[in-house]
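Architecture at a glance
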Amino acid sequence: MIRIAIVDDESVICSETEALIYEYAKNTCVEMETDVFFSGERFINALKDEASFDLVLLDIEMTNGNGIYVGNAIREVIKNEQMQIAYVSGKDGYDRQLFEFRPLCFVEKPI
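Description of the structure in this document. (Residues numbered from 1 in each chain as written. Predicted model: local features only at pLDDT ≥ 70, side-chain atom pairs only at ≥ 80, totals over all residues. Heavy atoms only, no water.)

**Overview of the packing of aromatic side chains**
Scanning the entire structure with this criterion turns up three aromatic pairs. Measuring from centroid to centroid gives 5.8 Å for F43 and F53, while their planes differ by 45°, and the two rings are tilted. A residue pair is termed long-range when its members are at least 10 positions apart, and F43 in helix 2 (residues 40–48) and F53 in the loop between helix 2 and strand 3 (55–59) qualify at ten residues. Among the aromatic residues, ring-to-ring pairing joins F37, F43 and F53 into one connected group. (Phe/Tyr/Trp six-rings, centres within 6.5 Å; stacked < 30°, edge-to-face > 60°. Helix = DSSP H or I, 4+ residues; strand = E, 2+ residues; numbered from the N terminus.)

**So, the pattern of salt bridges**
In this structure the tally under the stated criterion is two salt bridges. Close ionic contact of E33 with R3 constitutes a salt bridge, the shortest N to O distance being 3.1 Å. Here E33 is found in strand 2 (residues 32–37), whereas its partner R3 is found in strand 1 (residues 2–7), with 30 residues between them in sequence. Classification of E33 by relative accessible area gives partly exposed; the value is 32%. (Salt bridge = Lys/Arg side-chain N within 4 Å of Asp/Glu carboxyl O. Buried < 20%, exposed > 50% of the residue type's maximum accessible area, 1.4 Å probe, protein only.)

**Brief notes about the side chain of S39**
Following the sequence through the fold, S39 ends up in the loop between strand 2 and helix 2. Residues in contact with S39, not counting those within four places in the same chain, are V7 and N64. (Contact = heavy atoms within 4.5 Å.)

What follows is the structure, encoded as C-alpha coordinates:
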(Lines give C-alpha, C1' and ligand atoms only; values in the text may rest on other atoms or scores of the structure.)
Protein backbone atom coordinates (compact mmCIF):
# COMPACT_ATOMS: atom_id res chain seq x y z
CA MET A 1 0.00 0.00 0.00
CA ILE A 2 1.31 3.42 -0.99
CA ARG A 3 0.01 6.26 1.19
CA ILE A 4 -0.13 9.63 -0.55
CA ALA A 5 -0.92 13.02 0.98
CA ILE A 6 -2.22 15.78 -1.26
CA VAL A 7 -1.63 19.22 0.26
CA ASP A 8 -3.25 22.03 -1.71
CA ASP A 9 -5.70 24.80 -0.88
CA GLU A 10 -7.63 24.37 -4.14
CA SER A 11 -10.30 21.67 -3.86
CA VAL A 12 -10.57 21.25 -7.64
CA ILE A 13 -6.84 20.49 -7.91
CA CYS A 14 -7.12 18.00 -5.04
CA SER A 15 -10.06 16.21 -6.66
CA GLU A 16 -8.34 16.02 -10.05
CA THR A 17 -5.13 14.77 -8.48
CA GLU A 18 -6.95 12.10 -6.49
CA ALA A 19 -8.76 10.94 -9.64
CA LEU A 20 -5.44 10.61 -11.50
CA ILE A 21 -3.90 8.66 -8.62
CA TYR A 22 -6.81 6.22 -8.38
CA GLU A 23 -6.89 5.75 -12.15
CA TYR A 24 -3.17 4.98 -12.11
CA ALA A 25 -3.63 2.57 -9.20
CA LYS A 26 -6.42 0.77 -11.03
CA ASN A 27 -4.39 0.48 -14.26
CA THR A 28 -1.28 -0.79 -12.50
CA CYS A 29 -2.95 -2.92 -9.80
CA VAL A 30 -1.02 -1.01 -7.13
CA GLU A 31 -2.89 -0.33 -3.93
CA MET A 32 -2.86 3.39 -3.08
CA GLU A 33 -4.58 5.46 -0.46
CA THR A 34 -4.85 9.25 -0.42
CA ASP A 35 -5.56 11.85 2.23
CA VAL A 36 -6.26 15.46 1.31
CA PHE A 37 -5.18 18.44 3.38
CA PHE A 38 -6.31 21.93 2.43
CA SER A 39 -3.59 23.62 4.49
CA GLY A 40 0.01 23.02 5.35
CA GLU A 41 -0.71 23.45 9.04
CA ARG A 42 -3.28 20.63 9.06
CA PHE A 43 -0.83 18.36 7.29
CA ILE A 44 1.96 19.18 9.75
CA ASN A 45 -0.41 18.54 12.67
CA ALA A 46 -1.37 15.16 11.19
CA LEU A 47 2.32 14.24 10.95
CA LYS A 48 2.90 15.32 14.54
CA ASP A 49 -0.04 13.06 15.50
CA GLU A 50 1.83 10.10 13.96
CA ALA A 51 0.21 10.03 10.50
CA SER A 52 2.63 8.61 7.96
CA PHE A 53 2.82 8.89 4.19
CA ASP A 54 5.13 7.53 1.54
CA LEU A 55 4.65 10.53 -0.73
CA VAL A 56 3.34 14.06 -0.34
CA LEU A 57 2.18 16.10 -3.34
CA LEU A 58 2.79 19.54 -1.92
CA ASP A 59 1.61 22.83 -3.39
CA ILE A 60 4.19 25.58 -3.04
CA GLU A 61 1.86 28.58 -2.82
CA MET A 62 -1.21 28.32 -0.63
CA THR A 63 -3.30 31.06 0.91
CA ASN A 64 -2.92 29.48 4.34
CA GLY A 65 0.79 28.64 4.42
CA ASN A 66 3.36 27.58 1.88
CA GLY A 67 5.03 24.39 0.79
CA ILE A 68 8.50 25.63 1.61
CA TYR A 69 7.51 25.97 5.27
CA VAL A 70 5.92 22.50 5.17
CA GLY A 71 9.01 20.97 3.52
CA ASN A 72 11.15 22.46 6.26
CA ALA A 73 8.83 21.05 8.93
CA ILE A 74 8.98 17.57 7.36
CA ARG A 75 12.77 17.46 7.16
CA GLU A 76 13.98 19.66 10.02
CA VAL A 77 11.25 19.65 12.70
CA ILE A 78 9.68 16.20 12.36
CA LYS A 79 12.98 14.77 11.05
CA ASN A 80 11.34 12.61 8.38
CA GLU A 81 13.79 11.70 5.63
CA GLN A 82 11.77 8.74 4.31
CA MET A 83 8.72 10.58 2.98
CA GLN A 84 9.15 11.64 -0.63
CA ILE A 85 8.18 15.24 -1.42
CA ALA A 86 6.88 16.16 -4.87
CA TYR A 87 6.34 19.89 -5.11
CA VAL A 88 3.42 20.98 -7.29
CA SER A 89 3.07 24.48 -8.71
CA GLY A 90 2.15 26.48 -11.75
CA LYS A 91 4.92 29.00 -11.06
CA ASP A 92 8.67 28.90 -11.57
CA GLY A 93 11.43 30.37 -9.47
CA TYR A 94 11.49 28.16 -6.40
CA ASP A 95 14.14 25.66 -7.46
CA ARG A 96 16.92 26.84 -5.17
CA GLN A 97 14.68 27.05 -2.13
CA LEU A 98 13.27 23.57 -2.75
CA PHE A 99 16.57 21.68 -3.10
CA GLU A 100 17.21 22.25 0.58
CA PHE A 101 14.40 19.79 1.41
CA ARG A 102 15.57 17.10 -1.00
CA PRO A 103 12.38 16.77 -3.07
CA LEU A 104 11.75 13.81 -5.31
CA CYS A 105 10.56 16.08 -8.13
CA PHE A 106 8.72 19.19 -9.20
CA VAL A 107 5.36 18.72 -10.94
CA GLU A 108 3.87 21.53 -12.99
CA LYS A 109 0.19 22.45 -12.58
CA PRO A 110 -2.16 21.38 -13.94
CA ILE A 111 -1.02 17.81 -13.40
